[in-house]
Structure formats: structure tokens, C-alpha cells
Amino acid sequence: MMADNIEHVITYWVIWQRFHSPALTGFEVISHWLPFLLFSPYFGALADRYDCRKLIQGSQALFMVVSLTWGILFATGTLTVWDACILLILHGTAGAVWTPPEQLLLEDFVGTADLPSAIRLNSTARSLGILLGPVVGSALLLGLGPVHGIWVNIAFYLPLTLLAARTKYTGHTRYGVVARQRVGALAAVKVFRDVSRDRVLAAMIILAGLGSFFIGSAMQTVMPTIADTTAGLSSGAAYGVLLFANGLGGVLGGLLLEGTGWIRLSIRAALWSTVVYGASTVFFAISHYYLVAAPLLVVGGIANLAVMSITQTVTQLRAPREKKGQVIGVYSTSANGMRIGSGFTVGLLGAAIGLRPALALSSAVLCACVLALAVYLAAVARRSPSATSAPPSAGPA
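What you see is a predicted model, and the numbers here were worked out from it, not measured in a lab. Going along each chain's sequence as written, the residues are numbered from 1 onward. Where totals are concerned, whole chains, interfaces and linings use all residues; where local detail is concerned, this predicted model gives features only for residues with pLDDT of at least 70, and gives and counts side-chain atom pairs only at 80 or more. For the side-chain quantities, the full set of heavy atoms in the structure was used; hydrogens and water were omitted.

**Remarks on the overall build of the protein**
- When you go through the protein residue by residue, the secondary structure sums to 16 helices and zero strands.
- For 397 residues, the compact-globule formula gives about 21 Å, and the C-alpha radius of gyration of the protein, at 21 Å, lands near that figure.
- On the principal axes, the C-alpha backbone points of the protein span a range of 60 × 45 × 40 Å.
- For the protein, with 397 residues in total, the buried portion stands at 53%.
- Contacts are residue-level and defined by heavy atoms, with any inter-residue pair within 4.5 Å sufficient. For the protein, long-range pairs separated by at least 24 residues make up 85% of all intrachain contacts whose partners lie at least 6 apart in sequence.
- For the area figures, the Shrake-Rupley method with a 1.4 Å probe applies, and any residue is considered shielded solely by the protein chains shown. Total accessible area on the protein stands at roughly 17100 Å², and carbon and sulfur atoms take up 69% of it.
- When the 25 positive and 15 negative side-chain charges of the protein are each reduced to one mean point, those points stand 9 Å apart. Working definition: helices are DSSP H or I runs of at least four residues, strands are E runs of at least two. Numbering for both runs from the N terminus. Each radius of gyration is computed over the set of C-alpha atoms, and the globule rule expresses the reference value as 2.2 Å times the number of residues to the power 0.38. Exposure is judged per residue with a 1.4 Å probe applied to protein chains only, and the accessible area is read against the type maximum: over 50% gives exposed, under 20% gives buried, and values in between give partly exposed. In summary, the charge assignment counts Lys and Arg as positive and Asp and Glu as negative, without counting His or the chain termini. Note on charges: their place is set at NZ of Lys, CZ of Arg, CG of Asp or CD of Glu.

**Here's the deal with the pattern of salt bridges**
- Basic side-chain nitrogens of Lys or Arg form a salt bridge, by our definition, when they fall within 4 Å of a carboxyl oxygen of Asp or Glu. Scanning the model with the defined rule gives four salt bridges in all.
- Between Lys-324 and Glu-107 there is a salt bridge; the shortest N-O distance is 2.7 Å. Of the two residues, Lys-324 is situated in helix H14 (residues 324–335) and Glu-107 in helix H4 (residues 81–110); the sequence distance between them amounts to 217 residues. Comparing Lys-324 with Glu-107 shows no difference in burial state: the two are buried.
- Of the charged contacts, one joins Asp-198 and Arg-318 as a salt bridge, the two residues approaching to 3.0 Å between their closest N and O atoms. Here the residue Asp-198 occupies a position in the loop between helix H8 (191–196) and helix H9 (199–214), and Arg-318 occupies one in helix H13 (residues 290–318), the gap between them amounting to 120 residues.

**Looking at the nonpolar core**
- The criterion is simple. A nonpolar core is a set of buried Ala, Val, Leu, Ile, Met, Phe, Trp, Tyr and Cys residues joined through side-chain atoms within 4.5 Å. Core analysis: the biggest nonpolar cluster contains 45 residues, and Leu-242, Phe-284 and Leu-359 have the highest contact counts within it.
- Within the residue set of this core, elements represented by two or more residues are helix H5 (115–152), H9, helix H10 (218–228), helix H11 (235–260), helix H12 (267–286), H13 and helix H16 (355–383).
- The biggest single contributor to this core is H13, with nine residues.
- Beyond its immediate stretch of four places on either side in the chain, Phe-284 contacts Met-219, Met-223, Ile-226, Leu-242, Ala-293, Leu-296, Leu-297, Arg-356 and Leu-359.
- Core analysis: the next-biggest nonpolar cluster, separate from the first, contains 19 residues, Val-66, Leu-73, Ala-84 and Leu-141 among them.

Structure below.
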């Protein structure tokens, strides 16, 4: 995750300096998440059928080739808009390929009993990578320049690649269940129908998607504008403080949840965590003082990590073992691919009414949607209590 974010820092800066294209800036976000939206179930089907180590090595190799190519184009001064578009899509595709096999390996490493902890710690590490990536990326950009900086970034992909080469686990070792049927891209989409039959599973995937659609990547987009209108610090200092607080929330959230066990794997916990995430973002959007805004970002980061860890864990525990990769792919479509939606709910709306009001309104709609989902699930539970019960193997989280 740190290498991913380092690449964003360096390439986005170079692309803007070379082309000054707002349209290309928007495409940077779309290209990163579109492969998750379109192909995650198929990549999940591949993880069900093949050695997850090989898939991870393939995704890391694609990441490294993309970084190498960026550096060559920077060094030769031959970067074109089409080159940038292709490389941005390939980078997003590498991330989409990596996600399902990574999640299957987590359970293979630790087993079902410790899966909640593994997912929380993995999410915490991701948050730490997101927190450090812009810092290290800026240092590489300023210290080594874009060419050597992007080439040095290749080294950060190596640890996971080497781990995949040395571990004995394949994603299927512990339980020995490997899908035998070949699944095409269109056939993989049929897993959406299977998921919809399990109301708890569907609720977890919908909750992850709601947060991604209404807020998602918008926080990074609006941060410069909010920093400009935040009192108490200069805009540059406020930008740094707010970015740090946004990343710190995810890291603290993982450590607190893992160390305390306060939150259980339940629909109620996921619903409340999503509401806290949405509400804290509403108040952040309307706050103009950094001493208020920064703590709200930390609270939102903790709540968001809780949502993602709960929904992801329950999804894995309830997914049929022979289709687990495909179900994780559906989850990735919702939790990652739906981030494209925030470009509309905040970006386009922000152009009309301002980014602060747009973020506040979008976050308020998120809370309303969660409450509507809660009412629906409560009605279903009254008719059939077993339809919304948590997985018996989940235990406390």
C-alpha cells in the first residue's frame, strides 16, 4: 500500500506538470478503481481455482513493470496522454488482481478462529501504508527526482513478492478446497445472485459499498480545499495536519479494536460504525477550525476501519468455501469499485454547491441509507430471526 501511494504521489505530480489536464486528473481516480468495479468477481474466481501465491506474484510484477515504465518515459521525455492512461489502468488492474488472493491467504495462514484478528491487523497495516506513502513519496520526489524516485519505489513491492515465493501456503492448503470448474468473466458475475440469498452477507457488502460510494476517495479530493478554509493554521500546515489525522485514524482504529475487543462481529456493530463514519464526516465538512476537524477525522478513520474489518470478516466467514474468492471479489467490487461514485456524489455536486457542502450532504445521505437498511433488516429479523444472525464461528471481534 505504501508503494501504491508513493507511485500516486510521483506520477500524479509529473502528469499535472506535463499536461495540466483536469480531465486526466479525474481519469486518475477512475482508472484506479474501475478494474475493481468490473473484474473483481473474475479475479476472485481465479483465486478460487489457482495458487494464490502465483497470482500475488503476478500482480506485484505488474506493479513493478508499470513503475519501471513510468521511469523510462519520464527519463526520455516521451510520456504522452495515451501512455499515462494505459499505465494508470494497468496499475489499477494490478491492485484488483492482488485483493482476492491476499484475503484467501489470510485465512490459510491463521485459520478461521484467528481470521478476525488477521483482517484487523492487515487493515491496520494498509492504513499505515496509506499514512506513510505520501510522506515517503514526497521525500523520494524531492530528494531523488521523479525518475529515480519511481524506480526506487519498485523495491517496496519486493517483500510481498518474496513472501509469496517462500511461504508454503497457497490459499487452499489448510482446508484443501479448490474450485475445479473454469469460470469466465461473465459467469463469475453470477455470484451476485448467490450472495443476494444470504441477507447478512448482502448487508455486509452493501454497507461497505455505501461508505465507498458516498465518501470513498472524496476525502483526499476535498482536503486541499478544506485546508484552505480551515482557521488556526496556514493552508499548507492545515493540509498536512488533516492528511495525517485522516491516516492516523485507521492505524489507531486497528490497534484499539485489536487490543480491546470492544466491537463484535454483528450487523448492529457494522451499522453503528457506518453511521459514526458518516456523521463524523458531516461535522468535519462543516468545521472550520483544525482543532475540531482533526479529531473528527481520527474518529472517522477508526469507525471506517471498524466497518471494513467487520464487513470483510463476516463476508469471508459466511462465503461458501468453494466460491470464497468470487464472494471476496463481489465484496471488492462494492468496497473498492464503488469508490468511483464519490467522484459524482462529491466531485460533480461540489462543482455546483461547493466541496464542503457536497461532502456534508453526501455523508448525510450515507447515514440516511444506513438507517433505511437498518429498518429493512429489523423487519426481516422479525419475520425470520435466523436470516440476520451472525455467523456462529465469528465470536467476539
